[in-house]
Amino acid sequence: MQNVHVLQLQGTGDDEYAWENAGVFVKYEDAVTKLAEINAEYDILVFTLNENARIEVWELEDDNWGY
């Protein structure tokens, strides 16, 4: 099994309550780094982890589809 970390930001589209994917990463640390890079673009702290930013962990399953 392989885990992926999905960085999601709230309020980036037309619906301020919707969560939008900002990236998918193998390492949790890479998702946190990307969040810091996004905030650096604004020169202020716009997205805060566990408030309007989150990192979901998803487990990928490879069934090889019969191969």
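Calculation notes
Residues numbered from 1 in each chain as written. Predicted model: local features only at pLDDT ≥ 70, side-chain atom pairs only at ≥ 80, totals over all residues. Heavy atoms only, no water. Core = buried A, V, L, I, M, F, W, Y, C linked by side-chain atoms within 4.5 Å. Buried < 20%, exposed > 50% of the residue type's maximum accessible area, 1.4 Å probe, protein only. Helix = DSSP H or I, 4+ residues; strand = E, 2+ residues; numbered from the N terminus. Contact = heavy atoms within 4.5 Å. Salt bridge = Lys/Arg side-chain N within 4 Å of Asp/Glu carboxyl O.

**Quick look at the nonpolar core**
1) Next: Listed in full, the 9 residues of the largest apolar core are Leu7, Leu9, Phe25, Ala31, Leu35, Ile38, Phe47, Ala53 and Ile55.
2) Next: Among the secondary structure elements, those contributing two or more residues to this core are β1 (2–10), α1 (28–42) and β3 (53–60).
3) Next: Among the elements that take part in this core, α1 stands out by supplying 3 residues, more than any other.
4) Next: When sequence neighbours within four positions are dropped, the list of residues in contact with Ile55 reads His5, Val6, Leu7, Tyr28, Ala31, Val32 and Leu49.

**Section: the pattern of salt bridges**
1) Next: A full pass over the atoms with the stated rule returns 1 salt bridge.
2) Next: Note that Glu56 and Arg54 form a salt bridge whose closest N and O atoms lie 3.7 Å from each other.
3) Next: Given a relative accessible area of 25%, Glu56 falls into the partly exposed group.
4) Next: With a relative accessible area of 27%, Arg54 lands in the partly exposed category.

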